[in-house]
Amino acid sequence: MAAPCVSCCGALCYRLFIGSRVTLAPRQGFWKTAAAEFQRGAGSQLLKPIHTTVVTTKKNVPVSRHETYTEEFIKKQIEEFNIGKRHLANMMGEDPETFTQEDIDRAIAYLLPSGLFEKRARPIMKHPEQIFPKQRAIQWGEDGRPFHFLFYTGKQSYYALMHEVYGKVLQVEKHQNQLQVKGVLPEKTEIRDLIGSRWLIKEELEEMLVEKLSDQDYTQFIRLLEKLLALQCGPAEEEFVQRFRRRVPTQSQQQLREPVQYDERGVAFSACEGKRKSARAEAVVYEQGSGRITVNGIDYLLYFPVLQDREQLMFPFHFLDRLGKHDVTCTVSGGGRSSQAGAIRLAMARALCSFVSEKEVEWMRQETTKLLSHRSLEPCWWADQPATAAWLWSRKNWDPNSDVQERADWTQADGCGGMGGHENVCCPQRHGVSPPEHRGGVVSATAPHCIRAHVLLISIRLSHSSSQRVFITTTDCPSTQVMGCLHIPVETDSKH
Amino acid sequence: MAPAAATLSRLLCAGAWRRPQLCATVARGPVRPGCRTLGSGPAPAVSECEDHCGVGGLAPDVREQVLREPLKHADFFNVRELFSVRSLFEARVHLGHKAGCRHRFMEPYIFGSRLNQDIIDLEQTAAHLQLALNFTAHMAYRGGVILFVSRSRQFSHLVESTARACGEYAHTRYFKGGLLTNAGLLFGPAVRLPDLLIFLHTLNNVFEPHVAVRDAAKMNIPTVGVVDTNCNPCLLTYPVPGNDDSPAAVQLFCRLFRLAVSRAKEKRRQVEALYRLQGAAGQGAGPAP
């Protein structure tokens, strides 16, 4: 507990240091052992053999060396930052007095352009408070007396918070008892807007308190807050509780509604685009009509001879009970008949949103699967892969709605298909949204538990399924060792 | 009050416990009560060592006088007036546990048993409580770090509030293993350990003696503790036999300790102010007496 904040960067640098030290030492036997370990499928992490030989694992040594920054050091960094800011302003020909952080970012991006994908790997110039992790200052005064009354518990901020919340609970209970005695107990009000917000996660709480917590601590804290909420507290306590809730951007709030346009005859219409797989469609839905649908100038009955496709076209109207009330003109290209039908369906559904009330849009969004979105479920491509528990677990438990978008799980699995003699480590990486334009470039993959390396995409193997498998090698290793296999779950419309 | 006085004198003269030394004189040279630092922390000079109040420019001999002054009186802070046997009785301090829960070493403190429930002898309690409060006040006067310890969830908030109110420290949470014995690793090399531990509840949640009792004894930290009939009073420096389960009793004890500490700190401020004034007056009067 001597230095509670172990920064990710620091730990990474430390490991990188170890890693590079070992790779420079040409110890053939060592690599053979490592290779043997991999081929045995020990299930251990890549770094483990390196780690144990270099660092003596003494449990009781306080973790102090790299991660503690003294006050003078931070002060010096802040001074240097301010001087550097003024120099930068001069370089850019701007006024040093009114040079804001956005200007700094723009200037750095201009002077030191970087095509790296990983934003954290690009050159940054920020205030040292944002770069160096928050440290705990010395907790006691000159006479040795600690400042905080719960210092001797070890987790002073956490316990102080618990104390405070429990104090509020007691206060509210006392108040309610008094009201009950008088006989003026207020009726139970509905739960306020807890929808659209979530409790902050353990990491966020740790960051807030600058302290390490255990899972039980976190659970206890959330339970106590829920107890406080359940007691019908007043507005002050509600505000206090809201400090520990975070907004969740709900999907339904993001549906854009196309504005209704009017053509030369004064008829209202709405135009929208839609896509499915590789088909692109644009639909123009007229407010008045009799249910005629024209696709590429051809009547839909002739364009889609198969009933299934016509059912797809019918669905948005059927859902809103507006069959035969709208006229549609659409153009479509690409894909097969089924995907074209799906693309037109999406376009029509989106266009209909502008004629329909908000509630119905909400209803559409919630009731139907993906009526208003072109994403679809990824098919089960892992069914024919050799099974390894760790890899499958992390792959199947990918949560597309999770906030942590760029966390990678590096687990080792042997046998990712025959790779011909490479020591291959299959490492699934989670990407919330895969950017197609970054393929074939230099991609920097950061993962908390392994070496930060600039990876070069050497090949892209198209598989029969919609996910792309990309092999990564690291430029730091002397041998072209395949470091990992990036699985990017792409959208099903990708052509590349 | 004769039996109480007799008990008090008996306790004070009990040589085996070395208590008269602790009460009467300040001779604790090598142990250094004021600065329990561990490891490679800077060891301050002896004169500063015994006193950790904000001295603010007092001469060393004046400071020594300030520290010696309370030790010349038996009850410098007049803690006796804070309570009476009557008030202890009304707060239900005399109620112990059932006879089956009785701890062997608590037998001297038990007055008797009524309907199988042990009754604690309040005369002895009063005497012990007076000693404990006196000691606490002295420690607070000398700027010692006082840690209130309790592991009862029912009174955790009360104990923490009490500690906060008198400007001292509290620990009513899970007691980590090496907190006192390995504090250099847990907190930092130059951490100052508590100078006094006050136990409002000597047992933890599974009715075993609190680890801090043993650890404080290991680290030579004096302890004051409220011991119920199922507790072990052995390792405590100043045990106070009394009820630790009723809210009234616990509130009374918290109030008493808080008043003792506050009084002592207030007294310290007054005495220092007095000596500072005297010093200024002495200088103003000039070298001639």
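Numbers given to residues run from 1 along each chain, matching the order in which its sequence is written. Whichever chain is written first becomes A and whichever ligand is written first becomes 1, with later ones labelled in order. The predicted origin of the model limits local features to residues at a pLDDT of at least 70 and limits the giving and counting of side-chain atom pairs to 80 or more, whereas totals for whole chains, interfaces and linings rest on all residues. Side-chain metrics in this entry use all non-hydrogen atoms of the structure; hydrogen atoms and water are not considered.

Novice: What's the story with the overall build of chain B in this structure? I'm lost.
Specialist: In terms of helices and strands, chain B carries ten helices and eight strands. Within chain B, buried positions represent 50% of all 289 residues. Residue contacts are defined here by distance: any two heavy atoms, one from each residue, within 4.5 Å place the two residues in contact. Look at the contacts in chain B between residues 6 or more apart in sequence, and 69% of them connect residues 24 or more apart. Per the convention used, a helix needs a DSSP run of H or I reaching at least four residues, while a strand needs a run of E reaching at least two, with both numbered from the N terminus. Each residue is assigned to one of three classes by its accessible area relative to the maximum for its type, calculated with a 1.4 Å probe on protein chains only: buried under 20%, partly exposed between the two thresholds, exposed over 50%.

Novice: I would appreciate a short explanation of the state of the cysteines in the present structure.
Specialist: In a disulfide, the sulfur atoms of two cysteines are covalently bonded to one another. Count a disulfide wherever a pair of cysteine sulfur atoms falls within 2.5 Å. By the definition in use, this model includes zero disulfides over all chains. Summary of cysteine pairing: C272(A) is not part of a disulfide, and the nearest cysteine sulfur, belonging to C353(A), is at 7.4 Å. Residue classification places C272(A) among the buried residues on the basis of a relative accessible area of 7%. Not part of a disulfide, C254(B) finds its nearest cysteine sulfur in C166(B), a span of 9.3 Å.

Novice: I would appreciate a short explanation of the confidence of the model for chain B in the present structure.
Specialist: Low pLDDT means the predicted coordinates in that region are not meant to be read closely. Residue and element names in this part refer to chain B. Of all residues in chain B, 80% attain a pLDDT of 70 or more, and the chain-wide mean is 86. Scored from 0 to 100, pLDDT records how confident the predictor is in each individual residue. Within the model, the stretch residues 15-34 combines pLDDT values under 50 with 28 contacts to residues more than four positions away or in other chains. When the criterion is pLDDT under 50, residues 39-49 qualifies, and its contacts beyond four places in sequence or with other chains add up to eleven contacts. In the predicted complex, the global pTM is 0.58; the interface-specific ipTM is 0.83.

Novice: Would you take a moment to explain the pairing of strand β2 (residues 110-114) of chain B for this structure?
Specialist: Consecutive side chains of a regular strand alternate in pointing toward one face of the sheet and then the other. Across four bridges, β2(B) lies against strand β3 (residues 117-120) of chain B in antiparallel orientation. From the neighbouring strand, S113(B) faces β3(B), where its bridge partner is D118(B). Any two strands with at least two DSSP-identified bridges between them are counted as paired.

Novice: Quick question: what am I supposed to make of the sheet that holds strand β1 (residues 95-98) of chain B here?
Specialist: Across a sheet, paired strands are connected by hydrogen bonds in the backbone, their directions being either parallel or antiparallel. Residue and element names in this part refer to chain B. Read from one edge to the other, the open sheet built from three strands follows the order β1-β3-β2, with strand pairing classed as antiparallel. The outermost strands of the open sheet, each flanked by one partner alone, are β1 and β2. The sheet shows a mean angle of 30° between the axes of neighbouring strands, direction not considered. Orientation is described by axes fitted as lines to C-alpha atoms, over the contacting stretch for helices, and by angles from 0 to 180 degrees between their N-to-C directions.

Novice: In this structure, what is going on with helix α7 (residues 156-182) of chain A? I would like to understand it.
Specialist: Residues three or four positions apart in an α-helix share a direction because the helix packs 3.6 residues into each turn. If you check α7(A), its first and last C-alpha atoms are 39 Å apart, about what 27 residues at 1.5 Å a residue would give, namely 39 Å. G183(A) occupies a position one or two residues after α7(A) and carries a positive phi of about 90°. Residue count minus one, scaled by 1.5 Å, sets the expected span of a helix.

Novice: Could you clarify how one ought to interpret the interface of chain A and chain B in this entry?
Specialist: Where interface size is given, it is often the accessible area lost as the parts come together that is meant. On the side of chain B, 28 residues touch chain A, which itself brings 23 residues to the contact. Buried area, as used here, totals the accessible surface that two parts lose on assembly, with accessibility defined by a 1.4 Å probe and the loss added over both. Among the residues chain A hides against chain B, the three largest losses belong to R145(A), F149(A) and Y152(A). Together they make up 36% of the total. Throughout this description, the term salt bridge denotes a Lys or Arg side-chain nitrogen within 4 Å of a carboxyl oxygen of Asp or Glu. Linking chain A with chain B are one salt bridge, by the criterion used here. Note that R145(A) is salt-bridged to E168(B), the shortest N-O span being 3.0 Å. If one sorts the elements of the side of chain A that touches chain B by residue count, α7(A) sits on top with six residues. When residues are sorted by character, Ala, Val, Leu, Ile, Met, Phe, Trp, Tyr, Cys and Pro go into the nonpolar class, Asp, Glu, Lys and Arg into the charged class, and all the rest, Gly among them, into the polar class. Taken together, the residues of the side of chain A that touches chain B break down into 13 nonpolar, eight polar and two charged.

Novice: When you look at the nonpolar core in this model, what are you seeing that I'm missing?
Specialist: A general trend in soluble globular proteins is that nonpolar side chains are found buried together. The term nonpolar core refers to a set of buried residues drawn from Ala, Val, Leu, Ile, Met, Phe, Trp, Tyr and Cys, joined through side-chain atoms within 4.5 Å. Counting residues in hydrophobic clusters, the biggest one holds 75 residues, and the most contacted among them are F221(A) and F148(B). At twelve residues, the largest contribution of residues to this core is made by helix α10 (residues 247-285) of chain B. Look past the residues within four positions of F148(B) in its chain and what remains in contact with it is V159(B), A163(B), C166(B), E168(B), Y169(B), A170(B), H171(B), I198(B), L200(B) and F257(B).

Novice: How should the sheet that holds strand β3 (residues 261-262) of chain A be read in this particular structure?
Specialist: Residues and elements named next belong to chain A. Strand order in the open sheet formed by six strands is β3-β4-β5-β8-β6-β7, and the pairing between neighbours is mixed. Strands at the two margins of the open sheet, each flanked by one partner only, are β3 and β7 (298-299). Bridge count between strand β5 (residues 279-286) and strand β8 (residues 327-333): seven bridges; the pairing is antiparallel. Bridge assignment links Y286 to a residue of β8, and that residue is D327.

Novice: Would you explain the side chain of D121(B) in this entry?
Specialist: All names here are of chain B. Of note, D121 is situated in the loop between β3 and α6 (122-141). For D121, a relative accessible area of 15% puts it in the buried group. Among the polar contacts made by the side chain of D121, one reaches the side chain of Q124 at a distance of 3.1 Å. Apart from residues no more than four positions distant in its own chain, D121 is found in contact with Y109, I110 and F111. What qualifies as a polar contact is a pair of N or O atoms within 3.5 Å, subject to a donor-acceptor requirement within protein and to the restriction that residues adjacent in sequence count only when both atoms come from side chains.

Novice: Looking at this model, I keep getting lost on unusual backbone geometry. Mind explaining?
Specialist: In most cases, non-glycine residues show a negative phi, while peptide bonds are predominantly trans. Unlike most non-glycine residues, N296(A) shows phi in positive territory, near 55°. Inspection of the secondary structure puts N296(A) in the loop between β6 (293-295) and β7. The class for N296(A) is partly exposed, based on a relative accessible area of 33%. A positive phi angle, close to 60°, is found at F207(B), a residue other than glycine. Note on placement: F207(B) falls in the loop between β6 (196-199) and α9 (211-218). Among the residues examined, F207(B) registers a relative accessible area of 65% and is labelled exposed.

Novice: I would appreciate a short explanation of the pattern of salt bridges in the present structure.
Specialist: For side chains of opposite charge, pairing can occur when their charged atoms come near one another. Enumeration over the complete set of coordinates arrives at 25 salt bridges over all chains. Between R86(A) and E97(A) there is a salt bridge, and its shortest N-O distance comes to 2.9 Å. Placement of R86(A) in helix α4 (residues 71-92) and of E97(A) in the loop between α4 and α5 (101-111) is noted, with a sequence separation of eleven residues between them. Note on E97(A): relative accessible area 58%, which makes it exposed. We note a salt bridge from E69(B) to K72(B), for which the minimum N-O separation is 3.7 Å. A relative accessible area of 59% means that K72(B) is categorised as exposed.

Novice: Looking at this structure, how should I read the packing of α7(A) against helix α7 (residues 156-165) of chain B?
Specialist: Contact geometry for α7(A) and α7(B): axes closest at 11 Å, N-to-C directions at 115°. In this view, α7(A) runs roughly perpendicular relative to α7(B), as classed from their interaxial angle. Here α7(A) runs over α7(B); the crossing is left-handed. Residues H163(A), Y166(A), G167(A) and L170(A) of α7(A) touch α7(B), and the partners they reach there are H157(B), E160(B), S161(B) and R164(B). A per-class count over the contact of α7(A) with α7(B) returns two nonpolar, four polar and two charged. Put simply, angles under 35 degrees are roughly parallel, angles over 145 are roughly antiparallel, angles from 65 to 115 are roughly perpendicular, and the rest are oblique. Put simply, a crossing is left-handed when the front helix is turned counterclockwise from the back one by less than a right angle, and right-handed when it is turned clockwise.

Novice: It is not clear to me how a nonpolar patch on the surface should be interpreted in this structure. Could you clarify?
Specialist: Together, M91(A), Y110(A), L111(A) and L112(A) line one region of the surface with nonpolar side chains, adding up to about 460 Å² of accessible area. If you trace the backbone, L111(A) turns up in helix α5. Patches were defined on residues exceeding 30% relative accessible area and lacking a salt bridge, with like-charge contacts within 9 Å and nonpolar side-chain contacts (Val, Leu, Ile, Met, Phe, Trp, Tyr) within 5 Å. Each accessible area value is a Shrake-Rupley result obtained with a 1.4 Å probe; residue values ignore everything except the protein chains displayed when judging cover.

Novice: Help me understand the packing of aromatic side chains in this model?
Specialist: The geometry of two aromatic rings is summed up by the distance between their centres and the angle between their planes. Side-chain rings of Phe, Tyr and Trp, where Trp is taken by its six-membered ring, are said to pair if the distance between their centres is within 6.5 Å; with planes under 30 degrees apart they count as stacked, over 60 as edge-to-face, and otherwise as tilted. The tally for this structure, following the rule as stated, stands at 17 aromatic pairs over all chains. Consider the rings of F240(A) and F244(A), whose centres lie 5.4 Å apart with planes at 75°: the pair is edge-to-face. The burial state of F240(A) is the same as that of F244(A); both residues are buried. Among the aromatic residues, those joined into a cluster by ring pairs are W140(A), F151(A), Y152(A), Y169(B) and F187(B). Note that R245(A) overlies the ring of W199(A), its terminal NZ or CZ placed 4.5 Å from the centroid. Cation placement over rings: the criterion is NZ of Lys or CZ of Arg within 6 Å of the ring centroid and within 35° of the ring normal. Looking at R268(B), its charged tip hangs above the ring of Y141(B), at a distance of 5.3 Å from the centre.

Novice: Whenever I open this one, the confidence of the model for chain A confuses me. Can you help?
Specialist: Residues and elements named next belong to chain A. Looking at chain A, pLDDT values average 72 and 59% of them are 70 or higher. Across residues 1-44 the pLDDT falls below 50, and counting only partners more than four positions away or on other chains, this stretch makes 56 contacts in the model. Every residue in residues 404-496 is under pLDDT 50, and counting partners more than four places away or in other chains gives 205 contacts.

Novice: What exactly am I supposed to notice about the pairing of β8(A) here?
Specialist: Strand direction decides the pairing type here: β6(A) and β8(A), joined by three bridges, are parallel. By the bridge assignment for β8(A), T294(A) is matched with T329(A).

Novice: Just checking my understanding: could you explain the environment of R198(A) for this structure?
Specialist: Residues and elements named next belong to chain A. Examined against the element boundaries, R198 turns out to sit in strand β1 (residues 197-199). As for R198 and R245, which are separated by 47 residues in sequence, their C-alpha atoms are 5.4 Å apart. A distance of 3.1 Å separates a polar atom in the side chain of R198 from a polar atom in the side chain of E204.

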